[in-house]
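This is what each chain is made of:
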Amino acid sequence: MSIATARGKTAPPHDAPPKDALIRALMDDATTGVLLLDPSGQVADHNPALERLLAVKSADIRAAAPAALLRTVVAGDDLVREAFKAAKHEREVVLHTPRAGDVPVRFRSYRVGKPAWVLVTLQDLTQMRRMQQELRRHERLATLGQLSAGVAHEIRNPLAGIGTSAQVLLKRFEPRDERARFVQVILDEVARLDRIVTSLLQYARPRTPELRAATLASCVEKVTGLAGEAIATSGVKVEIDAAPRLAALYIDPDLITQVLLNVTLNAVQASPKGGVLRYEIRKVRRRRPPRGPGRRADDAPGERRASDRAEGSAADRRAEGNGWLEYQQVRVIDTGVGIPRGVLEKMFDPFFTTKATGTGLGLSISQTIMQEHGGTIAVDSREGRGTTVLLNFPLEKRHGERRQHDAHSERPDAAHRR
Ligand SMILES: Nc1ncnc2c1ncn2[C@@H]1O[C@H](COP(=O)(O)OP(=O)(O)O)[C@@H](O)[C@H]1O
Ligand SMILES: [Mg+2]
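Scoring rules and cut-offs
- Residues numbered from 1 in each chain as written.
- Chains lettered and ligands numbered in written order.
- Predicted model: local features only at pLDDT ≥ 70, side-chain atom pairs only at ≥ 80, totals over all residues.
- Helix = DSSP H or I, 4+ residues; strand = E, 2+ residues; numbered from the N terminus.
- Buried ≥ 20, exposed ≤ 12 C-beta atoms within 10 Å, placed from the backbone.
- Near = placed C-beta within 6 Å.
- Nonpolar A, V, L, I, M, F, W, Y, C, P; charged D, E, K, R; others polar.
- Expected span 1.5 Å × (residues − 1).
- Contact = placed C-beta atoms within 7 Å.
- Core = buried A, V, L, I, M, F, W, Y, C linked by C-beta atoms within 7 Å.
- Domains from an automatic or database assignment.
- Axes fitted to C-alpha atoms, helices over the stretch in contact; angles between N-to-C directions.
- Parallel < 35°, antiparallel > 145°, perpendicular 65-115°, else oblique.
- Left-handed = near helix turned anticlockwise from the far one by under 90°.
- Pairing = 2+ DSSP bridges.
- pLDDT = per-residue confidence, 0-100.

Asker: How do you make sense of the overall build of the chain when you look at a structure like this?
Answerer: When helices and strands are tallied, the chain shows 16 helices and twelve strands. Counting all 418 residues of the chain, 28% fall into the buried class.

See below:
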């Protein structure tokens, strides 16, 4: 039964729905970018999602040549021509935009009418791509973690055997006996292997944090002491800039000190003589990130690498209206060699190292520890200029309470995990 008949014959007859207004509302509401091209190939209409996607103002879109708006990273690609050629067309492309960087999108076009108009829709795939990437990474790391834990255990026992035997042997020789020197080499190398195996186990089976109230400043101070020798030999100048009256956090100070030590040694090793190593500790506020962001996109807006800017702006847009997060943040800033883009992508991978004697586990372990604290670690770098590592500790009230609770309830568990 239609509404008109239900209301009786006295009700005024209903018109057809106002199509233009409906289409307008749909366009405005869509999260997919929409672009309408007239038969002469000029922009006839578009929606706000497209402005956000391309980070271009409405007036500029109307004035732009469609081919420039739809430029992809592939030279010679001409989406506009393709759109006018086929009745329907769909593919994934990476748009090359001046303002939003490279944006992966699903491009769809529909040719309608005669002469032909073209409707283009662009669905932003940034978030989806990032989630897929993160998922693959986690799968890979989980397998790697299990594998390395297994191997580390297998190595540990024979290694202990070699170490003890060499120790016994060493005692049999006179100190001046040159054979003693060789045995000492064995012992030194065993110790080195043991350190690697310990790091491996730490990475694969991180200790549960034992949380208590501590300040980040106290951890930083401890680290500059621990790394004192390395800092002195490298001739790097240390500066600490801590905001006053920062509250204590519920953290495992030993583990956070370890993170800071890893990051500090990396910075020192990357610094030339006379470099500056600077720690900044402060409270920061930033928009709540969407679920499952990439690790380097954990930066606050404006701190992102250029290559992440596209993804970041897309992520920020989605986060809008989700409120703010408060953090205490430690920045470790060096004036060292910096990190090339190719390295930046891999530096958190276990075993990735550019050093002759590195284990490549420092940052992997640091990341695991930060995650166990509900925090994040992010890196920003400029080749030849220096590197900044950001450690973010979220300050949600709820979080603090839970952490405090955990500090007690998880202790027995911590005891039987190694
Ligand atoms: N502050 C820094 N400056 C330049 N490169 C860095 C810095 N921190 C880390 N890196 C790069 O990241 C890699 C991985 O670091 P890490 O996981 O600590 O392992 P390792 O120190 O054993 O190499 C390093 O080999 C280095 O190439
Ligand atoms: Mg390191």
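Asker: Help me out: how do you make sense of the site of ligand 1 in this one?
Answerer: In the vicinity of ligand 1 lie 22 residues, with Asn266, Ala270, Thr353, Gly358 and Gly362 positioned nearest. Elements with a contribution of two residues or more to the shell around ligand 1: helix 11 (253–270) and helix 14 (362–372). Top element by residues in the shell around ligand 1 is helix 11. It accounts for four residues. Split by residue class, the shell around ligand 1 holds nine nonpolar, eleven polar and two charged.

Asker: Would you mind showing me how to read helix 8 (residues 178–204) here?
Answerer: Since one α-helical turn is 3.6 residues long, residues separated by three or four positions face the same way. Over its 27 residues, helix 8 extends 40 Å from the first C-alpha to the last, a length consistent with the 39 Å expected when each residue adds 1.5 Å. Taken as a whole, helix 8 has its buried residues at Ser199, Leu200, Gln202, Tyr203 and Ala204. Where helix 8 is buried, its residues meet helix 7 (126–172) and helix 14.

Asker: Please explain the nonpolar core as it appears in this structure.
Answerer: In summary, soluble globular proteins display a tendency toward joint burial of nonpolar side chains. Formed by 43 residues in total, the largest nonpolar core has its most connected members in Val220, Val259, Leu260, Val389 and Leu391. Of all the elements, helix 11 adds the most residues to this core, at eight residues. Viewed by domain, this core spans two of them, domain 2 (129–204) and domain 3 (212–416), each represented by three or more residues. Other than its neighbours up to four places away in sequence, Leu391 contacts Val259, Gln329, Val330, Met370, Gly375 and Ile377. Judged by nonpolar contacts, the second largest core, of 21 residues, contains Leu37, Leu70, Leu79 and Val105.

Asker: Just checking my understanding: could you explain the packing of helix 7 against helix 8 for this structure?
Answerer: Helix-helix packing: each pair is described by the crossing angle between the helix axes and the interaxial distance. At a minimum axis separation of 9 Å, helix 7 and helix 8 run at an interaxial angle of 155°. By the angle class used here, helix 7 and helix 8 are roughly antiparallel. Note on packing geometry: the crossing formed by helix 7 with helix 8 is left-handed. When the residues that make up the contact of helix 7 with helix 8 are grouped by side-chain class, the tally is 19 nonpolar, six polar and two charged.

Asker: Quick question: what am I supposed to make of unusual backbone geometry here?
Answerer: What is expected of a backbone is that most residues other than glycine have negative phi and most peptide bonds are trans. Of note, the bond from Lys114 into Pro115 is cis; its omega dihedral lies within 30 degrees of zero at 0°. Relative to the assigned elements, Pro115 resides in the loop between strand 4 (101–112) and strand 5 (117–124). Backbone geometry places Arg245, a non-glycine residue, at a positive phi of 55°.

Asker: Would you mind going over the environment of Thr32 with me for this structure?
Answerer: If you trace the backbone, Thr32 turns up in the loop between helix 2 (19–29) and strand 1 (33–37). We classify Thr32 as partly exposed; it has 16 C-beta atoms within 10 Å. Residues Thr32 and Pro48, spaced 16 residues apart in sequence, show a C-alpha to C-alpha distance of 9.1 Å. Leave out the neighbours within four places in its chain, and Thr32 touches Ala49, Thr121, Leu122 and Gln123.

Asker: Explanation requested: the sheet that holds strand 5 in the structure shown.
Answerer: The strands that make up a sheet pair up through hydrogen bonds in the backbone, lying either parallel or antiparallel. Strand order in the open sheet formed by five strands is 2-1-5-4-3, and the pairing between neighbours is antiparallel. With partners counted over all chains shown, the strands left at the sheet margins are strand 2 (43–46) and strand 3 (88–97), one partner each. If you compare each strand with its neighbour and ignore which way they point, the axes differ by 25° on average. Two elements, strand 1 and strand 2, share three bridges in a ladder whose sense is antiparallel. The residue of strand 2 that forms the bridge with Leu37 is Val43.

Asker: Help me out: how do you make sense of the packing of helix 11 against helix 14 in this one?
Answerer: At a minimum axis distance of 9 Å, the contact between helix 11 and helix 14 shows a crossing angle of 150°. Of the two elements, helix 11 crosses helix 14, and the hand of that crossing is left-handed. Listed contacts from helix 14 to Leu255, Gln258, Val259, Asn262, Val263 and Asn266 of helix 11 are Gly362, Leu363, Ile365, Ser366, Ile369 and Met370. Partitioned by chemical class, the residues of the contact of helix 11 with helix 14 number seven nonpolar, five polar and no charged.

Asker: It is not clear to me how the pairing of strand 5 should be interpreted in this structure. Could you clarify?
Answerer: For a regular strand, the rule is simple: side chains alternate between the two faces of the sheet. Alternating positions in strand 5 separate cleanly, Val118, Val120, Leu122 and Asp124 being buried on one face and Trp117, Leu119, Thr121 and Gln123 remaining unburied on the opposite face. Judged from the five bridges that link them, strand 1 and strand 5 form a sheet pairing that is antiparallel. Bridged to Leu37 within strand 5 is Val118. Here strand 4 pairs with strand 5 via eight bridges, running antiparallel.

Asker: Would you explain helix 11 in this entry?
Answerer: For helix 11, which comprises 18 residues, the first-to-last C-alpha distance of 25 Å matches the rise-based estimate of 26 Å (1.5 Å per residue) to within 8%. Of all 18 residues that make up helix 11, 14 are buried, and the element is covered over most of its length.

Asker: Teacher, can you tell me more about the pairing of strand 12 (residues 386–394) here?
Answerer: With seven of nine residues buried, strand 12 lies mostly within the body of the structure. Bridge count for strand 10 (residues 324–334) against strand 12 is eight bridges, and the pairing is antiparallel. When the bridges of strand 12 are listed, Gln329 appears paired with Asn392. The hairpin formed by strand 11 (residues 376–382) and strand 12 contains three residues between the paired strands, and Gly384 there has a positive phi angle of roughly 80°.

Asker: Help me understand the confidence of the model for the chain, please; the structure alone is not making it clear to me.
Answerer: Low-pLDDT stretches of the model should not have their predicted coordinates read in fine detail. Predicted confidence across the chain gives a mean pLDDT of 83, with 83% of residues reaching 70 or more. A low-confidence stretch, residues 291–321 (pLDDT under 50), is modelled with 65 contacts involving residues beyond four sequence positions or located in other chains. Long-range and interchain partners of residues 397–418, a stretch whose pLDDT sits below 50, account for 21 contacts in this model, where long-range means more than four residues apart.

Asker: Could you clarify how one ought to interpret the environment of Asp252 in this entry?
Answerer: Residue placement: Asp252 occurs in the loop between strand 8 (249–251) and helix 11. Along the backbone, Asp252 and Ala214 are 38 residues apart, and their C-alpha atoms lie at a distance of 7.9 Å. Once residues lying within four places of it in the same chain are set aside, the contact partners of Asp252 are Pro209, Glu210 and Leu211.

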